[in-house]
Structures are given as C-alpha cells and as structure tokens.
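Here's the letter readout for the chains.
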Amino acid sequence: MSAVSMLRSILISPCSNWYRQSQLRETRASYSLAIGVRSKEKGESLKKSLGLDDSVHLVQLDIARYDQVEAAVRNTQLVINAVGPYWGSGEGVVKACVENGKKYVDITGEPHFIREMIDRYDYLATKNAAIIVPACGFDSVPADLSVYLSNQTLKRELGPHTDLGLSETFYSVKMKFSGGSRATLMSMYEVAPRDKVRAAYGDYALSPVQGLPSPNLHVPAPVLFHSPPAFASPYVMSGINRAVVQRTFGLNQLNLCGARTVHGEKSVEKKEELLRSVTYGPKFRYGEYLITDSGSYFYALLASVTRMMFAILLSFSSFRWALKKFDPKPGEGPSEEEMERGSFTATNYTAACTEPEIWAKTVVHGQGDPAYLLT
C-alpha cells in the first residue's frame, strides 16, 4: 500500500460477574420481567438457579400454539426471543410482535430465517410501528458495531461525505461448541429448504440495495497491518455477520437516496447530513476471517482445509447422524467455569476512499464465552 494513516476506535466490554450483577441491580427496578416457559415446574427451577425473586413472572405457553404466543406478546413492550433453531420455531413470535406493534430482538445466527421474516413481515412491521431486530447476540453485534465505529471514526476525522472502501474484520475466539449450535447447524441441512439457505448466504441477501461484490476469499488470508505477518482462515460465522453488515449498509443507503422524496426540499439538508453520518457509500465491501493459534501460515491453511472438508461432509446424512451421536445435545453446553474462560476479540480495519488511503481500526473485545455469557 502507499502511505497509510491509521485512526483508532476501541470498545472494551467489561464482563465480570460483579459488573453484570451490579448492572442488573441498577436496571432491574425500571421494568417488569416475564419468562415464557413450557413447564411451570422447570420455570420455577430456572428462577431459583438464577436467584430471581417472585417479581419475575412465568408465562406458560407452547411455541407451536400461535394463540398462546400472541396472548403473551400482547401484554409486553419488548420481546427477547431465545427459541432455536429459529427456522421452524421462531416465526410465531415475530408474527405476534409485528401484528401487535411490539419491539422484538433475538439471537439467531440463521440468515435464511431473517430473510424469510423480512419477506413476510417487513411491510406490516412498518405499518404497525413494530421494531424487529434479529441477530442481537455474538452473531452479529461485534461485526455490525465494529464497522459502524470505524465509519464514525473516519467521518469524524475526514468529514461526513467520506465514503468507505474495503472493510475486513479478523476474529480471535475462545469458546465451546454447544448442543443448541449443533441443532441450528443441522436444521440448515434437514429442516430449512436448501434453496432458501443458499439464497440467504448470497451477497446482499438481506439488503434492500445491491452493493459491490464482497472481497475475494483468500485461503489463507493475510491479516491487515499485522507485524510480524499473520494469516487467517475463513470464519464459519462470516455468512450471517456479512449479511447483517450489508443490511445496515443497504438500509442507510436507501434512506439517503430517498431523503428528498420523503422529506421534501425544505427539510432535506439536515436529514441528509444526519444520514450521511451513518452511510458507508457505494464502494463499501466487507469480509471476515478467523485467526487461529499463533496466526501462522501453516495453521491458517490447515484450519481452512479442515473447514472446507467439514462443510462438504455435512452434506452427507451419515456424517450428520454421527455428529448427533457424539456432539452435545440441545440444552447441553459449556460449564460455568468454561464460559468464564471464554473470550473474543474482533479487530476491524476499514479504509476511506481517499488518496492516500486512510484506515480506521476498531477493536471490540469481550471476556467470557461469546455464544452464551456475552450474548
């Protein structure tokens, strides 16, 4: 590269037990909480294990019974949907929130589920002022947030009209595979229609605006600005993360393009100024990688080949049968001690479309198992 300038934005998420508990104590008094359960008996056991008092209510319902789901949702302001796999189980909750104009978040990592919900409910959600925000856990907050922060850093230094170019995030992750994650993976091959899964993993599948093609996948990929040189392999969660980042890109780009039509000539200048602060620009491209062990070329190559072989083997039912026999079952996962030892670091590098190039570096870090504790 030619002369390069680097700007930095850093986000550290404190995740000690003391911090989590103190935050809960401070905010708990400001809202009432209910937990949807299949069994009141198991719900009471859950409350006891979490140290929750009687101010936390239990709502017994069957997720497959829409009348029960809708009745529960009708009395809420915000729904956190933790059902999974979401394809086949999550739609009823989304539908109830949309029809009743509620706020909704979930922790899905399934882009095919998100695309189906957009296709079915986006228009009605707009009409009913419902707010539906999927993928609010480890998938895909760090990815979406890191690009947003890099964009803010570049625009703060270079001006609101600055467009972004290449953006890549490199993950270092320490976590344990769980039965829930395995069940979600299996559902992509055995429950969800394969054509819908393939379509949802395409470029800009969740975006209302088509952007430039994603950067070519390098195997292994050199880690940007790393000294000494380090290499990374394809990241297994890059499909959902890229889709969410591209949707953010598309929604903001669409809003900017339609500002004059929606707001009129008189008030459009202030609105456009606000929108330009969050838009990435038409030259934006996004990719993700995983740094394994020391970041050596050999380990990155080995990890890349292993993941490719695993993806191929998943297409065989006999291999999936074996995984079900030996992998954790739904409901099983890492212990409390293992979750405390988990962590992740997502390092994003985003270039501004300037000459010479100016880059922003954003680091999002969390201590604790990303899939459960941090989510």
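Residues numbered from 1 in each chain as written. Predicted model: local features only at pLDDT ≥ 70, side-chain atom pairs only at ≥ 80, totals over all residues. Heavy atoms only, no water.

Looking at an unreviewed UniProt entry, one finds the protein chain named Saccharopine dehydrogenase NADP binding domain-containing protein, with Trametes coccinea as its source organism. Taken verbatim from the UniProt record of the protein chain, the Sequence similarities (unreviewed entry) comment is "Belongs to the saccharopine dehydrogenase family." (UniProt positions renumbered as here; feature names shortened; annotations may be inferred.)

Turning our attention to the overall build of the protein chain. Check the secondary structure of the protein chain and you find 14 helices and twelve strands. Its C-alpha atoms give the protein chain a radius of gyration of 22 Å, within 12% of the compact-globule value 21 Å for 375 residues. Counting only C-alpha atoms and orienting by the principal axes, one finds that the protein chain spans roughly 65 × 60 × 45 Å. Within the protein chain, buried positions represent 41% of all 375 residues. For the protein chain, long-range pairs separated by at least 24 residues make up 76% of all intrachain contacts whose partners lie at least 6 apart in sequence. Total accessible area computed for the protein chain in this model is approximately 20,400 Å², and 56% of it derives from carbon and sulfur atoms. (Helix = DSSP H or I, 4+ residues; strand = E, 2+ residues; numbered from the N terminus. Rg over C-alpha atoms; globule rule 2.2 N^0.38 Å. Buried < 20%, exposed > 50% of the residue type's maximum accessible area, 1.4 Å probe, protein only. Contact = heavy atoms within 4.5 Å. Areas by Shrake-Rupley, 256 points an atom, 1.4 Å probe, with all protein chains shown as cover.)

Now for the UniProt feature "domain: Saccharopine dehydrogenase NADP binding" (unreviewed entry) in the protein chain. Annotation from UniProt places "domain: Saccharopine dehydrogenase NADP binding" (unreviewed entry) at residues 32-121. Helix makes up 44% of residues 32-121 and strand 18%, whereas the separation of the span's terminal C-alpha atoms amounts to 28 Å.

Working definition: the strands of a sheet are paired by backbone hydrogen bonds and lie parallel or antiparallel to each other. As summarised here, the arrangement of the three strands in space is β4-β5-β6, forming an open sheet in which the pairing is parallel. Because the sheet does not close on itself, it has two edges, and the strands there are β4 (78-81) and β6 (131-133). Across the sheet, the mean angle separating the axes of adjacent strands is 10 degrees when strand polarity is ignored. (Pairing = 2+ DSSP bridges. Axes fitted to C-alpha atoms, helices over the stretch in contact; angles between N-to-C directions.)

Moving on: the packing of aromatic side chains. Summed over the entire model, instances satisfying the criterion amount to 14 aromatic pairs. With a centroid separation of 4.6 Å and 25 degrees between ring planes, the pair formed by Tyr171 and Tyr235 is classed as stacked. Taken together, the residues span a long stretch of sequence, with Tyr171 in strand β7 (residues 164-174) and Tyr235 in the loop between β9 (231-234) and α9 (238-257) at a distance of 64 residues. Relative accessible area serves as the criterion here: at 0%, Tyr171 is assigned to the buried category. Taking the relative accessible area as the measure of exposure, Tyr235 reaches 6% and is therefore buried. Aromatic side chains Phe231 and Tyr297 sit 5.1 Å apart centroid to centroid with 85 degrees between the ring planes, which places their arrangement in the edge-to-face category. Placement of Phe231 in strand β9 and of Tyr297 in helix α11 (residues 297-313) is noted, with a sequence separation of 66 residues between them. For Phe231, a relative accessible area of 21% gives the class partly exposed. Put simply, the rings of Phe170, Phe225, Tyr289, Tyr349 and Trp359 touch in pairs and so form one group of aromatic residues. Lying across the ring of Tyr66, Lys95 places its NZ or CZ 4.7 Å from the centre. (Phe/Tyr/Trp six-rings, centres within 6.5 Å; stacked < 30°, edge-to-face > 60°. Lys NZ or Arg CZ within 6 Å of the ring centre and 35° of its normal.)

With that settled, the discussion passes to the pairing of β4. Here β4 shows a buried face lined by Val79 and Asn81 and an unburied face lined by Leu78 and Ile80. Across four bridges, the pairing between β4 and strand β5 (residues 103-106) is parallel. Of the residues in β5, the one forming a bridge with Val79 is Tyr104. Note on the crossover from β4 through helix α4 (residues 91-99) to β5: the handedness is right-handed. (Right-handed = clockwise from strand over helix to strand, strands pointing away.)

One finds Val94, Tyr104 and Phe113 to be the most contacted residues of the largest nonpolar core, which totals 27 residues. Split by domain, this core shows at least three residues from each of two domains, domain 1 (3-133) and domain 2 (140-367). Not counting residues up to four positions away in its chain, the partners in contact with Tyr104 are Leu78, Val79, Asn81, Tyr86, Val93, Val94, Cys97, Phe113, Ile131, Ile132 and Val133. (Core = buried A, V, L, I, M, F, W, Y, C linked by side-chain atoms within 4.5 Å. Domains from an automatic or database assignment.)

Note that Asp106 resides in strand β5. Despite its burial, Asp106 pairs with no opposite charge, the nearest such side chain being Arg247 at 11 Å. Side chain to side chain, Asp106 and Tyr104 meet in a polar contact 2.6 Å long. Excluding residues within four positions of it along the chain, Asp106 makes contact with Asn81, Tyr86, Phe113, Val133, Pro134, Ala135, Cys136 and Gly137. (Lys, Arg positive; Asp, Glu negative; His and termini not counted. Salt bridge = Lys/Arg side-chain N within 4 Å of Asp/Glu carboxyl O. Polar contact = N/O pair within 3.5 Å; in protein donor to acceptor, adjacent residues only side chain to side chain.)

A complete count under the given rule lists zero disulfides for this structure. Its sulfur unpaired, Cys353 is 16 Å from the next cysteine sulfur, which belongs to Cys257. (Disulfide = S-S within 2.5 Å.)

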